[in-house]
Amino acid sequence: MAKHNIPEVKADLENTTGIWGMAIDQDLCTGCQACVAACAMENNIAFVGETDAGYGRSLHWLRIEHAFEGEFPEVQTSGFQPVLCQQCGNAPCEPVCPVFASVHSQAQDLNLQVYNRCVGTRYCANNCPYVARVFNMRDYDRPEPLSNQLNPDVTVRRRGIMEKCTFCIQRIHKVEDQAKSEGREVLDGEMQPACAQACPADAIIFGRLDDPESRVSKLAKTGRGSQLFEDLGTLPRVTYLKEEKDYGRLG
Amino acid sequence: MTDKNMLLAVFSDLDPAAHAVEKLRELGLGDEHLNVISGIPITEAMMGRPHQWTNVPRLALGGALGGFLLGAYLAFVTPTTYPLNVGGQPVIPGPPSVVVLFELTMLGMLISTFVGVFLDSRFPSYTPKEYVPEISDGRIAILIECDPAQEVAIESAMTALGAESVKHAEAQTL
Amino acid sequence: MAVLANSATHAHTSEQDHEAHLREEHLMLDPRPRGEMNAMVMESMQTTSWKFWVAAGIMAILVAVCLFYYWGYMIANGLGVAGVNRPIYWGIFLVNTVFWIGISHAGTFVSALLRVFKAEFRRPFTRAAELMTTFGLVQAGLSIFMHMGRVWLSYWLAPYPNQRGLWPNFHSPLAWDFLAINTYLLSSTMYLFLPLIPDLAMARDRSTGWRKTLYRILALGFRGTEGEWTHLRFAMNLFAFAILPVMFSVHTIVSWDFAAAMRPGWSSTIFGPYFVIGALQSGLSAVAMVLIVVRATMKNMKYFIRPEHLDGLGKLMLIISMSWAYFFFNDYMVQWYNGDKWTDALLHFHEEGPLGWMWYAMLIFNVAVPWLTLWNKNWRRNPTLLFTVGLLVNIAMWFERYIIVPTSLSINRFPFTYQFYKPGVEIPLTIGTISFFILLYMLASRLIPLVPVWEVQEGQMAHSLRKFGKETVVTVSDLE
């Protein structure tokens, strides 16, 4: 069994940096949704159709938040904010699952969702302050030729199962295995989740947080960095980068 | 048992029945030869009968202990068979363990109390027994185990005290 | 002198009137021979009219269609046919679960708490209330299973040894729920059965045919010997004391499902007692409603269930309504005061959102209606009025849970994800659980003696009238 490095007091958790992490540069994000599409391709995310999507049942693990305020033409918009599972170091979704379907990985310090174990109580989703979890309400069709597009490295989920962003853990494993077979450490930038790979503006940066020299660690430490709802004590592993000013937008 | 007779004296009221118990004792019948059957719970003190022994409290206590141990197994042992980190909480959580211990202790106690009633009263038993249906109409019956020689004396004494009927008790299918 | 003499005779007759009035008023002072009461209960149980069978038939059809067909349809197609979405992951199924667990609390409360405190007016209707506990819990259990995404794997919640070495996660309030609700269901069923044994023996002694066989098996060979009564009495006493903390724990744990989550509006430390009181609020009203229906529709029940019982229940309902208002305000006040912007948004959404009418209806039916009506003795004793109040309170308590579950889930920390909740297949399934409850209750009312006759007779033995000077008063002897 894996050794458990659970600190005795929660405050000690705050000293842990996490292992894998992400920085999202909101000043670079153009809201093009390429990451959303790439994520869906990579992770076999089902397409729920217009009606269900309009009713808030789309299964995207990553959403680009974009708010409008005011009446046309005096419309103010917020920036674009991609929101995905924050892979909390102290995750509220984990302890509430009665069957251990939502657990913490020791090796990657990520939140895992065990599809086979999930019985669909949906408690984890209610307890997620980031609304990052999505639920398979039905068995969705994959008409030809979409059925040929499935990624063999990722489980196809059936109805009644909770799912969420995994930081493309299948890619993490691949990279780790490759590095291990070559007898070296994983190089910075070697591992890219689908969203980061697809981002034309290079707004999503992924890497090791426990390596102070990695690009993501350095970016996270700049003055532009902040985390979502830091006050909740969930210890997100995603850092949002944003200047005080809004570039190229009204207001 | 073959040389003993079973008599069933049926009374319609509490007071004569209590007197009858006293009279039977005077006639030399020990408490172990009598049994009172009634349609409502009447206490032993009302009938002047010795206190009834019941194992249910002990069984309940034993069940509570068993439930507690099962709860302790669930709360303290099962998490270690497959330790998983959830939300930075300890593998064996403190306050939630109290909940598990409480529920299983109560469950153990209540189930063993229920089972205790079955064990102590020998439920279920569908063998024929000495009984008359009037008992559930509120009559009080005294089941008397006596020598055939005493039978006449007992019968007249019971009738004198106001028994509605005194007869040989026949085991019947309830 | 003439005046004095006149007043003396007047006093004399009024005294007799008073005594007669007391006997008419209180079942415990109006004893009838046990045989007669047995016959009345047996008759009430065996009498069915065509109306009964029509009602039972309609309920059976509703159960078959609304509960079984639609549930099967939902299992086959997934929860998409229900109204849940993101972020409203919990909908009416959880509302119904909390609602039915609340209904189930009344049985235990009436039966156990009133037994512990020797409240004598409980005697004729403890069983009617206990039946509600068991049947209410059945509906709560069904609602939980409906709610689950993969109900066919629900046995994974149970702690059982398995090859994986993987047991349920006891960190989760849902795992506590599983233990607590099972404990409660088992213990309340046992608590229903124990005092039923002597009545089943009574029914066995005076029935024939298939009923005889049924009661013979269920009565377990009970005769009423000293030993049997002693064991039974001890067990019932222990159950009455022990089931109360279990009852409190069940609804507290249900409240922790919400309170343990880090959500605006849910994360409240007072949810435990607030939910327990809410459960009693709906449960007691439901007991009153059931008693009124039983009294009106079943033969001979007007003897056993009298206005004094409605009066007693009405008083309890009023007290519980006041307690509910106290806890509600306590919760609201602290939520309002803490000034968290999401909580503030939620409170505004409750009151001014599209379901604001529900919030106001909850307060009116839960607080204003009972307070304005139940203070009056004559109104409490009026079956139609008490039934209406009970119905309104139950609707209000269902609204309260609706506000706590789907309405509160509409609001989270990401305005981008706000959604509304439109129930789908939840509506027939709700009708299905209500019909199933009514059907089970109707069948049970004709299969088991609904009045614990031996308890009534015991109570009548213990009660008598005694004169203090010129006043005739009711005295109760403590038989145990």
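Rules used throughout
- Residues numbered from 1 in each chain as written.
- Chains lettered and ligands numbered in written order.
- Predicted model: local features only at pLDDT ≥ 70, side-chain atom pairs only at ≥ 80, totals over all residues.
- Helix = DSSP H or I, 4+ residues; strand = E, 2+ residues; numbered from the N terminus.
- Rg over C-alpha atoms; globule rule 2.2 N^0.38 Å.
- Buried ≥ 20, exposed ≤ 12 C-beta atoms within 10 Å, placed from the backbone.
- Contact = placed C-beta atoms within 7 Å.
- Pairing = 2+ DSSP bridges.
- Nonpolar A, V, L, I, M, F, W, Y, C, P; charged D, E, K, R; others polar.
- Domains from an automatic or database assignment.
- Axes fitted to C-alpha atoms, helices over the stretch in contact; angles between N-to-C directions.

### Digging into the overall build of chain A
A tally of regular secondary structure across chain A gives 7 helices and 12 strands. In terms of overall size, chain A behaves like a compact globule, its C-alpha atoms giving a radius of gyration of 19 Å where 251 residues would be expected to give roughly 18 Å. Projected onto its principal axes, the C-alpha coordinates of chain A cover approximately 60 × 45 × 40 Å. Expressed as a percentage of the 251 residues in chain A, the buried residues total 44%. In chain A, of all internal contacts separated by at least 6 residues, the share reaching a separation of at least 24 is 64%.

### Here we look at the sheet that holds strand E1 (residues 20-25) of chain A
Taken together, the 4 strands give an open sheet; going across it, the order is E10-E1-E12-E11 (chain A), and neighbouring strands pair in mixed fashion. Unpaired on one side and paired on the other, strand E10 (204-208) and strand E11 (225-226) of chain A mark the two borders of the sheet.

### Some points on the interface of chain A and chain C
Between chain A and chain C, the contact holds 33 residues from the first and 37 residues from the second. Here the element with the most residues in the side of chain A that touches chain C is helix H4 (residues 123-126) of chain A; it accounts for 3 residues. Grouping the constituent residues of the side of chain A that touches chain C by class yields 20 nonpolar, 6 polar and 7 charged.

### Here we look at unusual backbone geometry
Residue Pro 145 of chain A follows Glu 144 of chain A across a cis peptide bond; omega there is 0°. With respect to the element layout, Pro 145 of chain A can be found in the loop between strand E8 (134-135) and strand E9 (162-163). Cis rather than trans, the peptide bond between Arg 86 of chain C and Pro 87 of chain C has omega equal to 10°. By secondary structure assignment, the location of Pro 87 of chain C is in the loop between helix H3 (50-77) and helix H4 (92-116).

### Details of the domain arrangement of chain B
According to the domain assignment, chain B contains domain 1 (5-53 + 129-172) and domain 2 (56-120). Taken over C-alpha atoms, the centre of domain 1 of chain B sits 45 Å from the centre of domain 2 of chain B.

### Description of the interface of chain B and chain C
Contacts between chain B and chain C engage 54 residues on the former and 53 residues on the latter. Every element with two or more residues in the side of chain B that touches chain C is listed here: strand E2 (34-38), helix H3 (56-81) and helix H4 (94-120) of chain B. Partitioned by chemical class, the residues of the side of chain B that touches chain C number 32 nonpolar, 16 polar and 6 charged.

### Quick notes on the sheet that holds strand E1 (residues 5-11) of chain B
Hydrogen bonds between backbone groups are what pair the strands of a sheet, and the pairing can be parallel or antiparallel. Residues and elements named next belong to chain B. Strand order in the open sheet formed by 4 strands is E2-E4-E1-E5, and the pairing between neighbours is antiparallel. Where the open sheet ends on each side, the last strands, each with one partner, are E2 and strand E5 (165-168). Ignoring which end each strand starts from, the neighbouring axes of this sheet average 20° apart. Taken together, the 5 bridges between E2 and strand E4 (residues 140-146) define a ladder with antiparallel strand orientation. Residue pairing for E4: Leu 34 is matched across the bridge by Ile 144.

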